[in-house]
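# Structural features, examined
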Amino acid sequence: MSGTATFDLHGAHIVAGFGELDRCGDGVRRAVGARRLCIISDDTVAPLWAPRLAAAIGDAATPVLTIPAGEASKTRKQWSRLTDELLEAGFGRDSALLALGGGVVGDLAGFVAATYLRGIPVVQVPTTLLAMIDASIGGKTGVDTRAGKNLVGAFHHPALVVADPATLATLPLDQLRSGFAEAVKHAVITDAGAFAWLAASAADIVRANGPVPERALELVQRNIAIKCDVVARDEREGGLRKVLNFGHTIGHAIETLSDYALLHGECIAIGMVVEARAAALAGIGASSLAGDIADVLATAGLPVRVPAAFDDAAILAATRTDKKARAGQVEYAVPMRLGAMAGADRGYAVPIADAIIRDALARSR
Ligand SMILES: NC(=O)c1ccc[n+]([C@@H]2O[C@H](COP(=O)([O-])OP(=O)(O)OC[C@H]3O[C@@H](n4cnc5c(N)ncnc54)[C@H](O)[C@@H]3O)[C@@H](O)[C@H]2O)c1
Ligand SMILES: [Zn+2]
């Protein structure tokens, strides 16, 4: 097994490798200085991994504040509670937070750090596949509101990201699968080689007792590299980051209609198949792509068909409330072929007519 890989993004150092959770003490001190530390986690992850993190930073008595596990905790209410508890415990400007958990903890603790005393550093310690390869990278933090997800937040780049694939050993299979869907998206954006590697590795990654370690390491490192590359280049190539929306316009619509009963990755799996099919029908994308993507997703046990419960009209209506709908025109990030996204000249946001989306939905049921 190859060792730890490091990446740099916006001054944030990202380390990814087995054992990094136990070795991160020096890195945390280098990144945040001699600050008073507080771990923020959820009530599933904290008992599993917080003692290891506290030991790594050399203080078993490091305070741990927890939220109930799950998306329902990504709220201003939890933000209030956490900021109040930090204030009551006397955490000052010389403090830093360690966000230990999935994307919910990362986004919420990141937003607490962005706003607490007008901003203190945060170290992201992602423990889901989705958080390692997506949510912990790029500096987006925030909370959900009644009007929609992620509508209140801030950019706050982490001082350090510590991604240890060992933590994936305790992650439930459905969560592993959900993160895998984002890896498929990354591979489509990257090139045919990345896609072929992922297709060949799917069975070794999405496994009941965690991925085969060698595969987990390569998966995490490859995908962090892809996300960092897209985010770093976004500043220069206006809007490149939008390529990360592939599968997410239809995916978010289905996620909303399911009232979040389906996992995010399950919804974007279906979304990628429908959007790739729509791209082909619109004459933008290769006709074989939707089938190739569906095959990899199905190997991992992800859904690739539009649930019968959601009719075309409801899905189309839900895409219009998505923040990617600009001036009524719904826009999509779609591939022309593996490694080449359409619409480079218009910020990778391609309008596709409702009639074509309907056709793609019909062919995906
Ligand atoms: N900031 C960004 O750029 C960005 C990008 C993508 C997604 N997100 C956000 O991320 C969130 C989803 O993140 P998620 O999928 O990680 O969900 P999550 O944080 O809810 O974690 C999923 C579940 O797995 C459990 N869990 C986490 N790590 C575990 C482990 N190692 N062992 C056992 N159980 C573990 C959690 O307790 C939770 O029940 C959403 O709120 C989404 O909006 C943010
Ligand atoms: Zn996503």
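Residues numbered from 1 in each chain as written. Chains lettered and ligands numbered in written order. Predicted model: local features only at pLDDT ≥ 70, side-chain atom pairs only at ≥ 80, totals over all residues.

## Topic: the overall build of the protein chain
Put simply, the test is: Each helix is a run of DSSP H or I of at least 4 residues and each strand a run of E of at least 2, with the numbering of both proceeding from the N terminus. As a reference, a globule follows 2.2 Å times the number of residues to the power 0.38, and the radius of gyration itself is taken over C-alpha atoms. For the exposure call, what matters is how many other C-beta atoms sit within 10 Å of a residue's own: 20 or more marks it buried, 12 or fewer exposed, and in between partly exposed, using C-beta atoms placed from the backbone. Contacts are defined on C-beta atoms placed from the backbone: any two residues whose C-beta positions lie within 7 Å are in contact.
Secondary structure summary: the protein chain contains 14 helices and 14 strands in total. A globule of 365 residues ought to have a C-alpha radius of gyration of about 21 Å, and the protein chain, at 20 Å, matches this closely. The principal-axis extents of the C-alpha atoms in the protein chain amount to approximately 60 × 45 × 40 Å. Expressed as a percentage of its 365 residues, the buried residues of the protein chain come to 52%. Long-range pairs, those at least 24 residues apart, make up 73% of the contacts in the protein chain with a sequence separation of at least 6.

## Some words on the site of ligand 1
Put simply, the rule is: A residue counts as near a molecule or strand when its C-beta atom, positioned from the backbone, falls within 6 Å of it.
Around ligand 1 lies a shell of 29 residues, among which Thr-44, Ala-69, Gly-102, Gly-103 and Thr-128 are the nearest. Elements that contribute at least two residues to the shell around ligand 1 include exactly helix H3 (45-56), helix H5 (103-115), helix H6 (129-135), strand E8 (148-155) and helix H7 (173-190).

## Re the packing of helix H13 (residues 312-321) against helix H14 (residues 354-362)
Defined as follows: To define axes, lines are fitted to C-alpha atoms, for helices over the stretch in contact only, and angles between the resulting N-to-C directions are given on a 0 to 180 degree scale. Roughly parallel means an angle under 35 degrees; roughly antiparallel, over 145; roughly perpendicular, 65 to 115; everything else is oblique. Crossing handedness is defined as follows: a turn of the near helix away from the far one that is anticlockwise and smaller than a right angle gives a left-handed crossing, while the clockwise case is right-handed. Here the term charged refers only to Asp, Glu, Lys and Arg, the term nonpolar to Ala, Val, Leu, Ile, Met, Phe, Trp, Tyr, Cys and Pro, and the term polar to all other amino acids, Gly among them.
Where H13 meets H14, the axes come as close as 10 Å, and the angle between the chain directions of the two elements is 130°. When the axes of H13 and H14 are compared, the pair comes out oblique. Handedness of the H13/H14 crossing: right-handed. Taking contact as the criterion, the partners of Asp-312, Ile-315 and Leu-316 in H13 are, on H14, Asp-354, Ile-357, Arg-358 and Leu-361. Across the contact of H13 with H14, the residue classes break down as 4 nonpolar, no polar and 3 charged.

## Quick look at the domain arrangement of the protein chain
The condition is simple: Note that the domain bounds were set by an automatic or database domain assignment.
Splitting the protein chain by domain gives domain 1 (5-170) and domain 2 (173-362). Domain 1 and domain 2 are separated by 26 Å when their C-alpha centres are compared. Counting from both sides, the interface comprises 20 residues of domain 1 and, opposite them, 23 residues of domain 2. Of all elements in the fold, only strand E1 (5-9), strand E2 (12-16) and H6 reach the threshold of two or more residues within the side of domain 1 that touches domain 2.

## Overview of helix H2 (residues 25-32)
The line we're drawing: Note that the arc is computed from the directions linking the helix axis to the C-beta atoms.
Within H2, burial applies to Gly-27, Val-28, Ala-31 and Val-32. All buried residues of H2 lie within an arc of 110° about the axis, which places them on one face of the element. Counted as exposed and oriented over 90 degrees from the buried face of H2: Asp-26 and Arg-30. Contacts from the buried residues of H2 go to E2, strand E5 (95-101), strand E6 (122-126) and strand E9 (160-163). In the stretch just after H2, Gly-33 is the one whose phi turns positive, near 75°.

## With respect to the pairing of E6
Let me state the cut-off plainly: Consider the strands pointing away from the viewer: the crossover is right-handed when the path from the first strand over the helix to the second runs clockwise. Strand pairing is assigned whenever DSSP detects at least two bridges linking the two strands.
Of all 5 residues in E6, 5 are buried; the element is thus mostly enclosed. Alternating residues of E6 divide into Val-122, Gln-124 and Pro-126 and Val-123 and Val-125, and every residue in both groups is buried. For the handedness criterion, the β-α-β arrangement of E5, H5 and E6 is classed as right-handed. The pairing of E6 with E9 spans 2 bridges and is parallel. When the sheet's bridge partners are listed, Gln-124 is paired in E9 with Val-161.

## Notes on the pairing of strand E3 (residues 36-42)
Taken across its 7 residues, E3 has 6 buried, putting it largely inside the fold. In this structure, E3 lies alongside E5, joined through 6 bridges in parallel fashion. Note on E5: the bridge partner recorded for Cys-38 is Leu-97. Sheet topology places E3 next to strand E4 (residues 64-67); 4 bridges connect them, and they run parallel. Counterpart to Ser-41 in the pairing with E4 is Thr-66. Regarding topology, H3 serves as the crossover connection from E3 to the parallel E4, and that connection is right-handed.

## Remarks on helix H11 (residues 264-281)
What counts is decided by this rule: To estimate the expected span of a helix, subtract one from its residue number and multiply by 1.5 Å.
For H11, which comprises 18 residues, the first-to-last C-alpha distance of 25 Å matches the rise-based estimate of 26 Å (1.5 Å per residue) to within 8%. Burial runs high along H11: 18 of the 18 residues are buried. In the stretch just after H11, Gly-283 is the one whose phi turns positive, near 80°.

## Section: unusual backbone geometry
With glycine set apart, most residues show a phi of negative sign, and most peptide bonds adopt trans. Of note, the phi angle at His-10 is positive, near 50°, even though the residue is not glycine. Positive phi is not limited to glycine here, since Tyr-260 has a value of about 65°. Tracing the backbone shows Tyr-260 in the loop between helix H10 (248-257) and H11.

## Considerations on the sheet that holds E6
Pairing within the open sheet is mixed, and its 7 strands lie in the order E1-E2-E9-E6-E5-E3-E4. With partners counted over all chains shown, the strands left at the sheet margins are E1 and E4, one partner each. Taking each pair of neighbouring strands and ignoring which way they run, the sheet shows an average axis angle of 20°. Strand contacts of H3: E3, E4, E5 and E6, with the helix running at about 160° to E3, the strand carrying the most contacts.

## Re the nonpolar core
The test is simple: What makes a nonpolar core is a set of buried Ala, Val, Leu, Ile, Met, Phe, Trp, Tyr and Cys residues, with links drawn between C-beta atoms within 7 Å.
Leu-97, Leu-100, Val-112, Val-123, Val-184 and Ile-293 are the most contacted members of the largest nonpolar core, which totals 118 residues. In terms of domain composition, this core takes at least three residues from each of domain 1 (5-170) and domain 2 (173-362). If near-sequence neighbours (up to four positions away) are discounted, Leu-100 is found in contact with Ile-39, Ser-41, Val-45, Trp-49, Ala-50, Leu-53, Val-105, Val-125 and Thr-127.

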